[in-house]
Amino acid sequence: MLKSSSQKNYSSFTLIEVVFAVGIILIFLGSLIAIFNVGTKNAVVSKHRLQAANLARGAVEIAREVRDTAKVRGVNWNQMDADCWLPGSLSGVINHPRNDCSGNRLGFSANPDTLTYNQVTFTRQVQIINLSGSDTKKITATVSWDDYGQSHSVTMVTYLTNY
Amino acid sequence: MGVSIFVIVMVVGLAVVVTLTRNRSKNETLSNVQQSGNLAMEMITEAVEKASSIPTTPNGSQLTIGTKTFSLSNDAIWLTISGLAQQRLTSPDVKVTNLSFSGAADSATIKGYVTIEMTLQSAWAQSSEAPLTLHTTVISQL
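All figures in this text were calculated on a predicted structure; none of them were measured in a lab.

Rules and cut-offs
- Residues numbered from 1 in each chain as written.
- Chains lettered and ligands numbered in written order.
- Predicted model: local features only at pLDDT ≥ 70, side-chain atom pairs only at ≥ 80, totals over all residues.
- Helix = DSSP H or I, 4+ residues; strand = E, 2+ residues; numbered from the N terminus.
- Contact = placed C-beta atoms within 7 Å.
- Buried ≥ 20, exposed ≤ 12 C-beta atoms within 10 Å, placed from the backbone.
- Pairing = 2+ DSSP bridges.
- Axes fitted to C-alpha atoms, helices over the stretch in contact; angles between N-to-C directions.
- Core = buried A, V, L, I, M, F, W, Y, C linked by C-beta atoms within 7 Å.
- Nonpolar A, V, L, I, M, F, W, Y, C, P; charged D, E, K, R; others polar.
- pLDDT = per-residue confidence, 0-100.

J.: I'd love a proper account of the overall build of chain A, names of residues and values included.
T.: Per the secondary structure count, chain A includes one helix and six strands. What you see in chain A, going N to C, is helices and strands ordered as α-β-β-β-β-β-β. In chain A, the share of contacts with a sequence separation of at least 24, taken over all contacts with a separation of at least 6, comes to 48%.

Rendered as structure tokens:
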């Protein structure tokens, strides 16, 4: 004997099951957004890292430029231009690149060197350490900045010889 | 009730898809701009490093080192070698809004140097997207 339609036993989801399923879906979608937001933040940090790397390279080049200018002038690089460059006495001290030395020269000073691009401020520091007496110097350029409340930095190291 | 939940899930899902697509597009654009800027900067710094001297004070948006001339034109950075046809260094998808050179020429009292600054952004950038500014200093190493 056939059952009538009113007697059919429909199986359906309960409200709790539906809410539970929707909750899982929303958590999954939220996680996806969070992961991609991390990706976007990383892309921005990567962009600033490229900017910082170029600034660090520039700082190292400034040290090289000072050494070569000493060479051009035929003076000892440890006695080079007291107003901008005294690596002999400033060994190990953090210095900052500057471009306002006399005669359009580049050099270093004790004052912080900051550059701001699109509301992001980069700070450049250079540490000069004498090695092997004073004929070799270790130049460490560090550029630091903040992204999303976190501090980041790029460091570049080179060795300059009094050739 | 069931229809309401279905609509909510669909709206949220659609928002997620739109957000993901927009972020992916933004990341690709940013990467494209970075690669273009990096390539152009590398080309210019390499030319300066390999130059025997910096004969004239770098100034403005054009730099001539030996036979190579770097310049800004039509929102792009161009390289001309020995006056031959220009080669485009930046992608057509990238707009260069600023290229400037400064520094000093070689002299009896100073070793010449070139300070380079360039600002790039996507050619299709929305006004909210921050441009990329690259700044460095380089000297000849010969």
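Further notes follow.
J.: Run through the overall build of chain B, naming residues and quoting values.
T.: Along the backbone of chain B there are one helix and seven strands. Listing each helix as α and each strand as β along chain B from the N terminus yields α-β-β-β-β-β-β-β. Expressed as lengths along the three principal axes of its C-alpha atoms, the size of chain B is roughly 85 × 30 × 25 Å. For chain B, the residues scored as buried account for 35% of the 142 residues in total. Considering only residue pairs separated by 6 or more positions, chain B has 57% of its internal contacts joining residues 24 or more positions apart.

J.: Account for the pairing of strand β1 (residues 62-65) of chain B, with residues named and values stated.
T.: Residues in a regular strand project their side chains so that they alternate between the two faces of the sheet. Residues and elements named next belong to chain B. Alternating residues of β1 divide into L63 and I65, all buried, and Q62 and T64, none buried. Sheet analysis places β1 next to strand β2 (residues 68-73), joined by four bridges and oriented antiparallel. Each residue of the ladder has a partner; that of Q62, found in β2, is S71. Hairpin remark: β1 followed by β2, antiparallel, with two residues in the connecting loop; positive phi at G66, about 60 degrees.

J.: Talk me through the pairing of strand β3 (residues 76-81) of chain B; I want residue IDs and the actual numbers.
T.: Residues and elements named next belong to chain B. Bridge count for β2 against β3 is six bridges, and the pairing is antiparallel. Pairing of S71 across the sheet is with W78, part of β3. Following β2, the chain reverses through two residues before pairing antiparallel with β3; N74 in that reversal takes a positive phi of roughly 50 degrees. Bridge count between β3 and strand β4 (residues 87-88): two bridges; the pairing is antiparallel. In the strand pairing of β4, L79 is matched with Q87. Connecting β3 to the antiparallel partner β4 that follows it, the hairpin turn spans five residues, and S82 within it adopts a positive phi of roughly 55 degrees.

J.: Give me the lowdown on the sheet that holds strand β6 (residues 113-122) of chain B, citing residues and values where you can.
T.: In space, the three strands of this open sheet follow the order β5-β6-β7 (chain B), with antiparallel pairing throughout. One side of each edge strand has no neighbouring strand; the edge strands of this open sheet are β5 (94-104) and β7 (132-138) of chain B. The sheet shows a mean angle of 10 degrees between the axes of neighbouring strands, direction not considered. Those strands touched by helix α1 (residues 15-73) of chain A are β6 and β7 of chain B, and its axis lies near 15 degrees from that of β7 of chain B.

J.: Go over the nonpolar core with me, naming the residues and quoting the values.
T.: Core analysis: the largest hydrophobic core is formed by 50 residues, its most contacted members being A56 of chain A together with I77, V114 and M118 of chain B. Broken down by element, the residue count for this core peaks at eight residues, all from α1 of chain A.

J.: Help me get a handle on the interface of chain A and chain B, residues and values and all.
T.: It is common to report an interface's size as the accessible area lost on association of the parts. The partner chain B presents 31 residues to the 33 residues of chain A that form the contact. Those elements that place two or more of their residues in the side of chain A that touches chain B are α1, β2 (105-109) and β3 (113-117) of chain A. Counting residues per element, the side of chain A that touches chain B draws most heavily on α1 of chain A, which supplies 26 residues. Residues that form the side of chain A that touches chain B fall into these classes: 16 nonpolar, nine polar and eight charged.

J.: Hey, could you go over the sheet that holds β4 of chain B for me, with residue numbers and the actual values?
T.: The strand order across the open sheet built from four strands is β1-β2-β3-β4 (chain B), with neighbouring strands paired in antiparallel fashion. Of all the strands in the sheet, the pair left with one neighbour each is β1 and β4 of chain B.

J.: Account for the environment of S82 of chain B, with residues named and values stated.
T.: Within the element layout of this structure, S82 of chain B appears in the loop between β3 and β4. Linking S82 of chain B and T67 of chain B, residues 15 residues apart in sequence, is a C-alpha distance of 4.9 Å.

J.: How would you sum up the confidence of the model for chain B? Please name residues and give values.
T.: Residue and element names in this part refer to chain B. With 96% of its residues at a pLDDT of at least 70, chain B reaches an overall mean of 88. At the low end of the mean pLDDT range in chain B sits helix α1 (residues 2-49), at 85; at the high end sits β3, at 95. For this predicted complex, the interface confidence comes out at an ipTM of 0.82, alongside a pTM of 0.81.

J.: Can you tell me about the confidence of the model for chain A, naming the residues and giving the values?
T.: Per-residue pLDDT for chain A has a mean of 81; in total, 82% of the residues score no lower than 70. When pLDDT is averaged over each element of chain A, strand β6 (residues 150-161) of chain A comes out on top at 94 and strand β1 (residues 94-101) of chain A at the bottom at 73.

J.: A description of the environment of M118 of chain B should follow, citing residues and the corresponding values.
T.: Position of M118 of chain B among the secondary structure elements: in strand β6. For the pair M118 of chain B and L72 of chain B, spaced 46 residues apart in sequence, the C-alpha to C-alpha distance is 9.7 Å.

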